[in-house]
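Breakdown of the fold
These are the residues of each chain, in order.
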Protein chains: 2
Amino acid sequence: MTEPIISLNRETEIALVGGGLVGSLLALSLARRGFDVDVYERRPDMRTSKISAGRSINLALSTRGIKALNTVGLEGKVLEIAIPMRGRMIHPVKGDLAFQQYGKDDTEYINSISRGDLNKLLLSEAESTKHANFHFQQKAIGIDLFRNALELENENKNEITTLAAQIIIGTDGSASAIRNDMKTLPGFSNSEEQLDYGYKELAIPAGKKNTWQIEKHALHIWPRGTFMLIALPNLDGSFTCTLFLPFEGEKSFEKLQTRESVVDFFKTEFPDAFALMPDIAEDFFENPTGSMVTVKCGPWNVEGRSLLLGDAAHAIVPFFGQGMNCGFEDITVLEQCIDNHTASGGSLYLERRQKRDHEGAPRRFKEGSSGWRWVFDDFYRARKVNSDAIADLAVENFTEMRDKVGNPRFLLEKAVEKKLQNEFPGEYVSRYGLVTFTNRPYSLAMEAGHITDEILSELCTGISTPEEIDLKLAKKLIQTKLSPLLATK
Amino acid sequence: MTEPIISLNRETEIALVGGGLVGSLLALSLARRGFDVDVYERRPDMRTSKISAGRSINLALSTRGIKALNTVGLEGKVLEIAIPMRGRMIHPVKGDLAFQQYGKDDTEYINSISRGDLNKLLLSEAESTKHANFHFQQKAIGIDLFRNALELENENKNEITTLAAQIIIGTDGSASAIRNDMKTLPGFSNSEEQLDYGYKELAIPAGKKNTWQIEKHALHIWPRGTFMLIALPNLDGSFTCTLFLPFEGEKSFEKLQTRESVVDFFKTEFPDAFALMPDIAEDFFENPTGSMVTVKCGPWNVEGRSLLLGDAAHAIVPFFGQGMNCGFEDITVLEQCIDNHTASGGSLYLERRQKRDHEGAPRRFKEGSSGWRWVFDDFYRARKVNSDAIADLAVENFTEMRDKVGNPRFLLEKAVEKKLQNEFPGEYVSRYGLVTFTNRPYSLAMEAGHITDEILSELCTGISTPEEIDLKLAKKLIQTKLSPLLATK
């Protein structure tokens with residue numbers, strides 16, 4: 001292979017690798033604090049070029065994401081382009097639709113938003129600060145962790161450049177090039193679990209005069225046990241649908257190789273959706289089949305020089321609707337860590353690291369006293385247990401969505417849970433509620449969820465309607481089991 | 001980056017990637033069965049070029065490795081170039097050496113052998129079958145898992161070629177390029193844990209007239225709590241030493257940056273070894289610092305087309321002396337799986353797969369009925385639980401070697417264990433013995449080890465010499481706790 005020409009062409013303060021949702025919001029946050037940020041993004045500028053679509057699951061923005069947007073003053077602008085979804089609308093193969101409210105009442109809902117629209121807004125807001133520069137079609141190939149130098153490929157020009165930066169932050173997603181180089185460091189732990197399910201983006205077009213052909217304010221689910229279809233509303237009246245299906249097996253992507261088999265499959269499994277999807281076969285074969293991975297790794301930083309954040313540090317599967325919300329919450333937590341290490345919440349003392357070239361095996365060095373080291377260490381310590389928790393919750397929630405939501409016992413427990421939320425407001429909080437409608441730590445939500453599972457299991461034994469539950473017992477269980485946990489953390 | 005020229009230049013039956021110890025022995029085994037094997041090795045031919053040394057931990061060949069060598073008739077030839085090590089020789093900072101026998105008696109020992117010598121022997125034996133062709137300086141860059149095509153870089157010529165093979169087996173070690181491409185497959189799970197310790201090869205030269213300056217038939221250990229030095233004998237009278245030391249911290253590689261600090265460190269910590277190491281400072285700075293990783297992944301095969309084996313599938317740290325033995329046992333198990341799927345133990349029916357090019361996300365296909373699919377599936381099922389077990393045992397044994405071997409309670413338990421082996425031969429078997437001197441599954445050794453830990457702990461409570469143990473209680477504990485496990489599997 002011919003060796004590319006390498007030139008060390010500039011030095012930058014903070015380099016972000018990846019200008020997706022998390023990268024753009026982080027650039028905005030740092031720029032607002034007066035840091036100079038350069039963002040290197042593999043794709044062309046999505047505001048001026050058409051990005052190949054067809055790989056997107058619509059996003060469900062909720063409390064944690066909104067909080068981070070609020071910090072940079074964007075909550076209002078973003079919610080303007082979002083559609084509230086107040087619950088799940090369950091579509092059985094035959095029979096009536098069933099609605100399961102997400103929150104304890106109408107004030108709690110999640111928000112359907114287009115990934116592209118949100119990303120464009122964040123890019124423009126970041127750029128408008130004048131402290132964030134975006135460089136498009138710059139693909140990160142790797143990072144020299146000791147020189148803190150980033151190797152970038154301009155995919156248009158077939159040109160490779162290397163640039164040094166004081167700080168390099170990888171917001172380059174689940175297949176992060178930065179993580180790939182960190183993997184060889186002493187003490188680094190990396191695990192990647194590919195799900196054996198794929199996903200496919202499909203669409204339900206708008207009805208006449210841009211109306212929604214099915215309930216607008218819901219996340220629609222067609223649960224089928226081993227697979228499912230979901231649909232989230234768009235502003236123009238259409239719905240973005242996603243089919244989650246095993247790659248292999250009796251009902252799987254490998255079995256859907258012809259137009260006929262696709263049409264048969266949808267007609268049989270999702271008859272009401274099929275009736276609304278005129279382009280199903282075209283969409284199915286035009287759009288790629290996506291894969292899903294859970295990444296757990298650590299530590300996320302090399303001294304105060306480089307850091308992983310968002311999916312690059314902790315990719316999760318999409319079934320709790322928390323991927324973006326978790327990545328945005330990373331930014332909230334990182335900002336708290338910065339504030340904790342700066343008297344005024346202002347700019348941090350940055351010490352220029354002497355560049356060094358080390359021979360032999362990769363090592364991490366503790367030299368230098370850059371304040372960023374403490375910020376990044378704190379961030380990792382605060383965040384790791386929570387990103388691990390949401391990763392596990394997201395995998396668990398897949399079973400719930402595709403299988404349990406149609407199960408009578410599950411429906412009874414959900415109804416009892418709703419009753420408990422009404423009877424004991426503030427005292428009984430569901431796992432879903434803690435994850436979605438609060439900023440409490442994900443790890444707390446996971447622990448609380450184990451307790452509420454026990455409580456629901458005990459209360460639902462021997463009854464068949466929510467009205468039959470023993471409220472005295474419920475109160476005792478909540479106060480002895482759940483309240484101490486919620487109070488202590 | 002300029003695009004390399006790709007040419008699909010040949011088709012091969014079985015391609016092995018990596019001609020190290022495991023790759024060479026596997027090539028020999030398959031060639032003996034009449035398969036045509038091509039082996040692609042990154043390094044030059046070590047029989048004619050000097051390979052850069054200084055990264056090797058000497059090998060401790062034991063029962064599992066010997067069994068695999070015996071199958072190809074090489075046990076005798078290999079043991080001729082090995083040196084029996086009957087136990088650990090413990091070197092304290094001050095005071096007398098202590099010898100801990102490995103086996104129940106003199107018939108049980110492990111064998112020190114040079115990696116290079118063994119590798120050369122296996123290469124030549126494989127070549128002499130005329131069914132195994134070795135191609136050197138061919139670095140695997142990656143594998144197209146759907147075309148079953150291997151991308152190779154000739155590092156001398158800066159030339160890239162792609163070749164298709166019916167079967168591709170990755171024996172390319174812990175940083176396997178084949179595993180790296182399998183990682184993106186649906187359902188693939190990959191975890192890599194870097195140890196925060198490095199290692200450095202050092203040497204004790206031969207004494208006068210090629211004599212051994214310390215006990216020849218022992219594995220020498222200088223245990224120092226958080227770090228250790230070991231030494232294994234070579235045929236020429238020298239010892240290959242390895243220092244295991246944290247990368248960072250109070251006593252660590254990062255603290256040893258000058259000749260003076262290295263000399264001071266060895267003089268203080270390993271005075272008797274230091275006296276025998278005249279070139280310590282030169283060796284220390286000339287030899288690279290190696291890193292160690294535990295890899296667990298799965299599944300190891302893509303249908304009947306590609307397979308990971310040895311370190312590529314399950315790299316382990318070196319502290320149980322089982323890396324090579326485990327890799328060699330893989331070959332024994334693979335051969336059993338082949339035999340189970342062939343009536344005569346002869347050659348397997350190979351169905352030429354139609355090459356296909358698939359768009360979209362990576363998928364695995366079940367088409368075709370190649371018998372190799374069943375062989376590889378069986379192999380993975382049989383082996384995975386055992387490679388996971390030895391991976392964990394190897395990490396645990398590090399604590400034992402560097403820390404516990406100097407601890408009085410540990411020494412008492414070891415003495416009691418020896419007594420139990422003598423009193424109850426065949427009934428009491430130690431974890432170390434099961435791993436090192438039997439072919440019982442590693443997972444069984446791990447389970448049995450938990451039981452023997454309990455037994456030793458109970459028997460050693462309140463006593464101070466091995467003679468004081470309650471033999472009746474010992475017999476009861478062994479027969480009720482250990483024997484059922486050893487009998488059932």
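Moving on: the domain arrangement of chain A. As assigned here, chain A comprises domain 1 (5-83 + 114-191 + 295-396), domain 2 (194-292) and domain 3 (407-488). Between the C-alpha centres of domain 2 of chain A and domain 3 of chain A there is a distance of 33 Å.

This paragraph deals with helix H4 (residues 115-127) of chain B. The end-to-end C-alpha distance of H4(B), which contains 13 residues, comes to 18 Å, matching closely the 18 Å that a straight helix rising 1.5 Å per residue would cover. Residues of H4(B) that are buried in the fold lie against helix H1 (21-32), helix H2 (63-71), helix H3 (75-80), strand E7 (110-113), strand E8 (132-135) and helix H10 (323-340) of chain B.

Now for the sheet that holds strand E3 (residues 59-61) of chain A. Hydrogen bonds between backbone atoms are what pair the strands of a sheet, whose relative direction is either parallel or antiparallel. Residues and elements named next belong to chain A. The sheet built from 3 strands is open, its strands ordered E3-E7-E4 with antiparallel pairing. Strands at the two margins of the open sheet, each flanked by one partner only, are E3 and strand E4 (83-85). Pairwise comparison of adjacent strand axes, ignoring direction, gives a mean angle of 40° for this sheet. Strand direction decides the pairing type here: E3 and strand E7 (residues 110-113), joined by 3 bridges, are antiparallel. Its bridge partner lying in E7, Leu-61 is registered against Asn-111.

Before going further, it helps to examine the packing of aromatic side chains. Applying the stated criterion across every chain yields a total of 42 aromatic pairs over all chains. Taking the centre distance of 6.1 Å and the plane angle of 15° together, the rings of Phe134(A) and Phe136(A) count as stacked. Side by side, Phe134(A) and Phe136(A) carry an identical accessibility label, which is buried. Geometrically, the ring pair formed by Phe244(B) and Phe319(B) is edge-to-face, given 4.9 Å between the ring centres and 65° between the ring planes. With a gap of 75 residues between them, Phe244(B) in strand E15 (residues 239-246) and Phe319(B) in the loop between helix H9 (311-314) and H10 connect regions that are remote in the sequence. Summarising the burial analysis for this pair, Phe244(B) and Phe319(B) share the class buried.

This part takes up the sheet that holds strand E4 (residues 83-85) of chain B. All names here are of chain B. Strand order in this open sheet of 3 strands is E3-E7-E4, and the pairing throughout is antiparallel. The open sheet has two edge strands, strand E3 (59-61) and E4, and neither has a second partner. Averaged over all pairs of adjacent strands, the angle between their axes in this sheet comes to 40°, without regard to strand direction. Bridge analysis of E4 against E7 gives 3 bridges, and the strand direction is antiparallel. Residue pairing across strands places Ile-83 opposite Ser-112, the latter belonging to E7.

This next bit is on the pairing of strand E14 (residues 228-233) of chain A. Residue and element names in this part refer to chain A. Burial of E14 is extensive: 6 of the 6 residues sit out of reach of the surface. Residues Met-228, Ile-230 and Leu-232 of E14 are buried on one face, and the alternating residues Leu-229, Ala-231 and Pro-233, pointing to the opposite face, are buried as well. Of the pairings in the sheet, the one linking strand E13 (residues 219-223) to E14 comprises 4 bridges and is antiparallel in character. Looking across to E14, one finds that Trp-222 is bridged to Leu-229.

Calculation criteria
Residues numbered from 1 in each chain as written. Chains lettered and ligands numbered in written order. Predicted model: local features only at pLDDT ≥ 70, side-chain atom pairs only at ≥ 80, totals over all residues. Heavy atoms only, no water. Domains from an automatic or database assignment. Helix = DSSP H or I, 4+ residues; strand = E, 2+ residues; numbered from the N terminus. Expected span 1.5 Å × (residues − 1). Contact = heavy atoms within 4.5 Å. Pairing = 2+ DSSP bridges. Axes fitted to C-alpha atoms, helices over the stretch in contact; angles between N-to-C directions. Phe/Tyr/Trp six-rings, centres within 6.5 Å; stacked < 30°, edge-to-face > 60°. Buried < 20%, exposed > 50% of the residue type's maximum accessible area, 1.4 Å probe, protein only.

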